[in-house]
2 protein chains.
Amino acid sequence: MKMNICIAGLGNVGSHLVNSIKKNNEFFKNKTSISFNITGVSAKDFKKKRIFDISEYQWFDNPLDLINENRCNVLIELIGNEKGISFELVKKSLEKKIHVITANKALLAKHGFELFEIAEKNNVLLLFEAAVAGGIPIIKTLKNNIFLDNIKKISGILNGTTNYILSTMQQENMDFEQVLNIAIDKGYTSASEAELDIGGFDSAHKLTLLASLAFGSNIDFENNYITGISNISILDIMNSDKLGYKIKLISEAYLSNKKIYCVTEPKLVKKDKPLANVDGVLNAVDIESDHLKSLFLEGEGAGGRATASSIISDLYEISSNSNIKSLGYRIKNLKNYNKFNIDDIESSYYLRFITKDVTGVLSKITSSFKDSFISVEKILQIPDNNNKKNVIPIIITTHKIKKTKLLQAIKQIEDQEFILEKISIIPIHNN
Amino acid sequence: MKMNICIAGLGNVGSHLVNSIKKNNEFFKNKTSISFNITGVSAKDFKKKRIFDISEYQWFDNPLDLINENRCNVLIELIGNEKGISFELVKKSLEKKIHVITANKALLAKHGFELFEIAEKNNVLLLFEAAVAGGIPIIKTLKNNIFLDNIKKISGILNGTTNYILSTMQQENMDFEQVLNIAIDKGYTSASEAELDIGGFDSAHKLTLLASLAFGSNIDFENNYITGISNISILDIMNSDKLGYKIKLISEAYLSNKKIYCVTEPKLVKKDKPLANVDGVLNAVDIESDHLKSLFLEGEGAGGRATASSIISDLYEISSNSNIKSLGYRIKNLKNYNKFNIDDIESSYYLRFITKDVTGVLSKITSSFKDSFISVEKILQIPDNNNKKNVIPIIITTHKIKKTKLLQAIKQIEDQEFILEKISIIPIHNN
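About the cut-offs
- Residues numbered from 1 in each chain as written.
- Chains lettered and ligands numbered in written order.
- Predicted model: local features only at pLDDT ≥ 70, side-chain atom pairs only at ≥ 80, totals over all residues.
- Heavy atoms only, no water.
- Helix = DSSP H or I, 4+ residues; strand = E, 2+ residues; numbered from the N terminus.
- Rg over C-alpha atoms; globule rule 2.2 N^0.38 Å.
- Buried < 20%, exposed > 50% of the residue type's maximum accessible area, 1.4 Å probe, protein only.
- Contact = heavy atoms within 4.5 Å.
- Areas by Shrake-Rupley, 256 points an atom, 1.4 Å probe, with all protein chains shown as cover.
- Lys, Arg positive; Asp, Glu negative; His and termini not counted.
- Charge placed at Lys NZ, Arg CZ, Asp CG, Glu CD.
- Pairing = 2+ DSSP bridges.
- Axes fitted to C-alpha atoms, helices over the stretch in contact; angles between N-to-C directions.
- Core = buried A, V, L, I, M, F, W, Y, C linked by side-chain atoms within 4.5 Å.
- Right-handed = clockwise from strand over helix to strand, strands pointing away.
- Buried area = accessible area lost by both parts, 1.4 Å probe.
- Salt bridge = Lys/Arg side-chain N within 4 Å of Asp/Glu carboxyl O.
- Polar contact = N/O pair within 3.5 Å; in protein donor to acceptor, adjacent residues only side chain to side chain.
- Least-squares fit on C-alpha atoms with pLDDT ≥ 70 in both.
- Phe/Tyr/Trp six-rings, centres within 6.5 Å; stacked < 30°, edge-to-face > 60°.
- Lys NZ or Arg CZ within 6 Å of the ring centre and 35° of its normal.
- Bend = angle between axes of the 7 residues up to and from the residue.
- pLDDT = per-residue confidence, 0-100.
- Parallel < 35°, antiparallel > 145°, perpendicular 65-115°, else oblique.
- Left-handed = near helix turned anticlockwise from the far one by under 90°.

K.L.:
Please clarify how the overall build of chain A should be interpreted in this entry.
P.N.:
Across its full length, chain A carries 12 helices and 17 strands. Relative to its length of 431 residues, chain A is compact, with a C-alpha radius of gyration of 24 Å against a globular reference of 22 Å. The C-alpha extent of chain A, read off along each of the three principal axes, is 80 × 45 × 35 Å. Looking at chain A as a whole, 61% of its 431 residues qualify as buried. Across chain A, the fraction of contacts at a sequence separation of at least 24, relative to all contacts at a separation of at least 6, is 73%. For chain A, the computed accessible surface area is about 17,600 Å², with 46% contributed by carbon and sulfur atoms. Charge-centre separation for chain A: the mean point of 54 positive side chains lies 3 Å from the mean point of 50 negative side chains.

K.L.:
Can you walk me through the sheet that holds strand β5 (residues 126–127) of chain A in this structure?
P.N.:
Backbone-to-backbone hydrogen bonds join strands into a sheet, with any given pair of strands oriented parallel or antiparallel. Residues and elements named next belong to chain A. Spatial strand order, β2-β1-β3-β4-β5: five strands in an open sheet with parallel pairing. The strands lining the two open edges of the sheet, one partner per strand, are β2 (35–42) and β5. Sheet analysis places strand β1 (residues 2–8) next to β2, joined by seven bridges and oriented parallel. Bridge pairing in β2 links Lys2 to Ser35. Relative to strand β4 (residues 99–102), helix α10 (residues 304–320) is tilted by about 160°, and along the sheet it contacts β1, β2, β3 (74–77), β4 and β5.

K.L.:
Would you mind showing me how to read the sheet that holds strand β1 (residues 2–8) of chain B here?
P.N.:
Residue and element names in this part refer to chain B. One open sheet holds the five strands; their spatial order is β2-β1-β3-β4-β5, and the pairing between them is parallel. The sheet terminates laterally at β2 (35–42) and β5 (126–127), the two strands that pair on one side only. Along the sheet, helix α10 (residues 304–320) makes contact with β1, β2, β3 (74–77), β4 (99–102) and β5, crossing β4 at roughly 160°.

K.L.:
In this structure, what is going on with the nonpolar core? I would like to understand it.
P.N.:
Note on soluble globular proteins: their nonpolar side chains tend to be buried together. Core analysis: the largest hydrophobic core is formed by 180 residues, its most contacted members being Ile76(A), Ile138(A), Ile76(B), Ile138(B) and Leu142(B). For Leu142(B), the contacting residues outside a window of four places in its chain are Phe147(B), Ile151(B), Ile154(B), Leu210(B), Leu213(B), Ala214(B) and Ile287(B).

K.L.:
Quick question: what am I supposed to make of the pairing of β1(A) here?
P.N.:
Residues and elements named next belong to chain A. Judged by how many residues are buried, β1 sits mostly within the fold: six of seven residues are covered. As for the winding sense of the linkage, the β-α-β connection from β1 through helix α1 (residues 12–32) to β2 is right-handed. Two strands pair when backbone bridges link them, and β1 and β3 are joined in this way by four bridges, in the parallel orientation. Bridging from a neighbouring strand, Ile5 pairs with Val74 of β3.

K.L.:
It is not clear to me how the interface of chain B and chain A should be interpreted in this structure. Could you clarify?
P.N.:
Interfaces are often sized by the amount of accessible area the parts lose when they come together. Taken together, the contacts link 49 residues of chain B with 49 residues of chain A. Overall, the association of chain B and chain A removes approximately 4,300 Å² of surface from exposure, summing both partners, and the carbon and sulfur fraction of that is 54%. Contact with chain A buries area across many residues of chain B, yet Lys31(B), Leu148(B) and His291(B) alone supply 20% of it, more than any other trio. Run the count over chain B and chain A and you get two salt bridges. One salt bridge in this structure joins Lys293(A) and Glu300(B), with 3.9 Å as the shortest N-O distance. The tally of links from chain B across to chain A stands at 18 residue pairs in polar contact (both at pLDDT 80 or more). For the side of chain B that touches chain A, the secondary structure elements donating two or more residues are α1 (12–32), α4 (138–145), β11 (295–300) and α10 of chain B. The greatest single-element share of the side of chain B that touches chain A, amounting to nine residues, is contributed by α10(B). Looking at chain direction, strand β11 (residues 295–300) of chain A and β11(B) are connected through five bridges and run antiparallel.

K.L.:
Honestly, the relation of the copies chain B and chain A in this entry has me stumped. Any pointers?
P.N.:
Between the two copies of the chain lies a rotation about an axis combined with a shift along it. Take chain B, turn it by 180°, move it 0.0 Å along the axis, and it overlays chain A with an RMSD of 0.0 Å. Both chain copies can therefore be described as sitting about a two-fold axis. For chain B, the residue whose C-alpha comes nearest the rotation axis is Ser322(B), separated from it by 1.9 Å. Comparing interface residues between copies, 100% of those in chain B also sit at the interface in chain A, which points to an isologous, same-surface contact.

K.L.:
Even after reading the chapter, I still don't get the packing of aromatic side chains, so can you show me in this structure?
P.N.:
Aromatic rings considered in pairs are described by the distance between their centres and by the relative angle of their planes. Residue and element names in this part refer to chain A. Under the criterion given, the structure shown has 25 aromatic pairs over all chains. Centroid distance Tyr164 to Tyr188: 4.8 Å. Interplanar angle 70°. Geometry classified as edge-to-face. With a gap of 24 residues between them, Tyr164 in helix α5 (residues 160–172) and Tyr188 in the loop between α6 (176–185) and α7 (194–198) connect regions that are remote in the sequence. Taken together, the ring pairs in this structure connect Phe27, Phe28 and Phe36 into an aromatic cluster. Here the guanidinium or amino end of Lys83 rests over the ring plane of Phe87, the centre of that ring lying 4.3 Å away. A cation over a ring is seen here: Lys339 above Tyr225, with NZ or CZ 4.7 Å from the ring centre.

K.L.:
I keep staring at the side chain of Ser309(B) and nothing clicks. Help me out?
P.N.:
Positionally, Ser309(B) belongs in helix α10. Relative accessible area serves as the criterion here: at 2%, Ser309(B) is assigned to the buried category. Of the polar contacts made by the side chain of Ser309(B), one reaches the side chain of Asp149(A); its length is 3.0 Å. If we skip the residues at most four places from it in the chain, Ser309(B) touches Ile146(A), Asp149(A), His291(A) and Leu292(A).

K.L.:
Mind showing me how you'd approach helix α3 (residues 105–121) of chain A here?
P.N.:
Residues and elements named next belong to chain A. Of all the bends in α3, the greatest, near 85°, is centred on His111. Listed in full, the buried residues belonging to α3 are Ala106, Leu107, Leu108, Ala109, His111, Gly112, Leu115, Phe116, Ile118 and Ala119. Residues of α3 that are buried sit in contact with β3, α2 (84–95), β4, β5 and α8 (201–215). Looking one or two residues beyond α3, the residue adopting positive phi is Asn123, at roughly 60°.

K.L.:
What is the right way to look at the confidence of the model for chain A in this model?
P.N.:
Low-pLDDT portions of the prediction should not be read for the details of their coordinates. Looking at chain A as a whole, its pLDDT mean stands at 94, while 98% of the residues score no less than 70. In the predicted assembly, ipTM is 0.96 and pTM is 0.96.

K.L.:
I'm lost on the environment of Ser375(B) in this one. Help?
P.N.:
Of note, Ser375(B) is situated in the loop between α11 (361–371) and β14 (376–381). Along the primary structure Ser375(B) and Ser348(B) are separated by 27 residues, whereas in three dimensions their C-alpha atoms are 9.5 Å apart.

K.L.:
Looking at this structure, how should I read unusual backbone geometry?
P.N.:
Excluding glycine, a negative phi dihedral is what most residues carry, and trans is how most peptide bonds are arranged. All names here are of chain A. Phi is positive for Ser33, which is not a glycine, with a value near 65°. Within the secondary structure, Ser33 sits in the loop between α1 and β2. Residue classification places Ser33 among the partly exposed residues on the basis of a relative accessible area of 46%.

K.L.:
How do you make sense of the packing of α5(A) against α6(A) when you look at a structure like this?
P.N.:
How two helices sit against one another is set out by the angle between their axes and by the gap between those axes. All names here are of chain A. Interhelical geometry of α5 versus α6 gives an angle of 130° and a closest axis separation of 9 Å. For the element pair α5 / α6, the angle class is oblique. Handedness of the crossing formed by α5 with α6: right-handed. On α6, the residues touching Thr161, Tyr164, Ile165, Thr168 and Met169 of α5 are Phe176, Val179, Leu180, Ile182 and Ala183.

K.L.:
Is there a simple way to explain the packing of α1(B) against α10(B) in this structure?
P.N.:
Residues and elements named next belong to chain B. Following both chains from N to C, one finds α1 and α10 inclined at 50°, their axes separated by 9 Å at the closest point. For the element pair α1 / α10, the angle class is oblique. In this structure, α1 crosses over α10, and the sense of that crossing is right-handed. Across the interface between the two elements, Asn12, Val13, His16, Leu17, Ser20, Ile21, Phe28 and Thr32 of α1 pack against Gly304, Arg305, Thr307, Ala308, Ile311, Ile312, Leu315 and Tyr316 of α10.

K.L.:
Just checking my understanding: could you explain the side chain of Ser347(A) for this structure?
P.N.:
All names here are of chain A. The residue Ser347 is located in strand β13 (residues 346–356) in this model. Judged by its relative accessible area of 9%, Ser347 falls in the buried class. Sequence-distant contacts of Ser347, that is, excluding residues within four places in its chain, are made with Thr398, His399, Lys400, Ile401, Pro427 and Ile428.

K.L.:
Got a minute to help me understand the pattern of salt bridges in this structure?
P.N.:
Note that side chains of opposite charge can pair when their charged atoms are close. Overall, the coordinates contain 38 salt bridges over all chains when judged by the stated rule. Here Lys356(A) ties to Glu417(A) by a salt bridge, and the two come within 2.9 Å at their closest N and O atoms. Here the residue Lys356(A) occupies a position in strand β13, and Glu417(A) occupies one in the loop between α12 (403–414) and β17 (424–428), the gap between them amounting to 61 residues. Assessed through its relative accessible area of 31%, Lys356(A) is described here as partly exposed. Close ionic contact of Asp241(B) with Lys271(B) constitutes a salt bridge, the shortest N to O distance being 2.7 Å. Taken together, the positions of Asp241(B) in helix α9 (residues 234–243) and Lys271(B) in the loop between β9 (259–270) and β10 (282–289) put the pair 30 residues apart, joining distant regions of the chain.

Right under this line is the structure:
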């Protein structure tokens, strides 16, 4: 069986994909009798230096021309912009009954519904293993492997850059800004794209897709609550460490009372939980279902080689000719869930107060909590020798409390004159 | 789409499966339009107390009668003996073109080749997600998700009972025999079946299946080298801990020079590796491929509910009607690899000497190593206050060395009169 594929976008992922297919075509054929034939490539710059010889492939200046000849069975979209040419190319391919594989999470999170509908109508697949968690086959795990499990909750670390930043802050005792610059130097993100990563938006794009697969929810990026990591201070990381936690950017989704909860925010994670030990640029996903207390997958969340593996796995899925749809569900069976009001969520919290070193501060804080029926779990008053004199950091962890209630109490305390800085509030992960 | 299934064996897994199907049938139907209909059940004892009402199902005293009526599309074999009735039932079902799902690793590891051949010839599937690592979808990950990756190595913790024993020895500072009795009390193993677990045979059955999927090797249980955990002393666990390692029963497979390496043995695993942090009855698998440095899966390795998830995932695979074979490969493409000579393997080692407290002992050991060109990495001489006087434990870790060479040197040292006990030799995991 021969599959003609064309590739739009030849950056890191695209180049590794071309290389892998060239190198492994004999291996694929021996293993499965499938062979892949790259019938066309397109990218911004023909002359750019690449890890493969571009002259071996038919070049198209305009990616739309890739699908204008009839030989192409599968279009692989690796251009990566959120709308514009990526959208047009994917849409036109599907309409021409050409299968599409894409790594473009932003495109699918925001415009996926329309595209998946066109795919289903034209009886072709729109696959996206590479769009979520790089080389981890999390899409196929949810869609093909445990699809008949009743998923209760998904929690993941879905962005390698932010995980690298938080891990490195902790390991090297460095500030957020310092490590962000290192991450840019290392090419994990770029100055212009950093906000997508550190703002939590990239993670939320991916969570949108996972939630749809797990709960049959309509693809709706508006369902996400998102908090980035730029306010996480090295002080909070070090205090969390003393309390037995690491701070991670956790993306979590579950259903409750016919509402969907899709939240990406930095959280304290207990060190004995697998998610706490996901370091550097790795990604991981923890799934809880009616049958499984925990199914945990960890692997490379980015990188050309790992992501190429996911694209090749999608090629294999297309070749397997199963009756499983792109999203597992038929489009008409997807449900519109309302989103939670984040203020109604109960969680335990980590709080950091920076106060004047005067008597009675702690008692004022705790009595204010008592008045608001907030139950304190732990108090840590750490004399910080490096710090200015007359300044005391107080760390408090609470039992579960609604966020609205907590914020009311915090507002009252923040008005007091002994509070020197904005109070740091970070939820504690409870999985 | 309606699928008629019959179930042979109603122990823990079978009972949870019946329960799950009954409870979730509406959920399945809404999600996929598949519905499952249990057309017959069979087990040893009709009257046994079960978590479901047996009278709701058609009972057969003889499991072979399950397939003697034409209504059954899928036979689920959960009887579990290695040959005998399980073999006969699976074989006859496949010959009657009935798909088979089994959790029986011993059956498949020893007689799988014949059965998979019959399945392929009759164009039906013989699926076994539940046979390896309980609720972790490792079979589908290898076979359906990353099948076109060129797998380099698989390392796993595949037996929950032994992992529970080793974890508990460490956490509670208890002897092997003590914890084994607790494991029997908790029902993780039974006195009569314990040898299958602690001898490493159950892990090796599972590794046989993983190796076949990963490397296209013929299913050949004889390819396994197996060492169990009954010689692991609490002293070795505590010493390893001081050196930064945990001791785990690791099952590992890879190809090299057209030979297959399938080894199950206790090993020291560095604490920062994911496999070291797999505690209790959990299972885990770490996969290395040409594309992926590490893909790590962790989850429940046993238990009725988790294992039922894997069986249901096999039902879903059957319903998906893909062209992927039971083992991924066509039977004729499976290769017969010769097995490694374990003595040729290079590994670093942990060694524990119990010696008389006389001068010159350490120098005699190290000079003996020097003569044999064995390079020492670390030496730890721990005065053990709880121990008898005049007895000194010496711990040495080596750099990589062939096992034959190491054993020659060890033999020489063991002949010396200052050595009081058999020298403990445990390889160090290098993944």
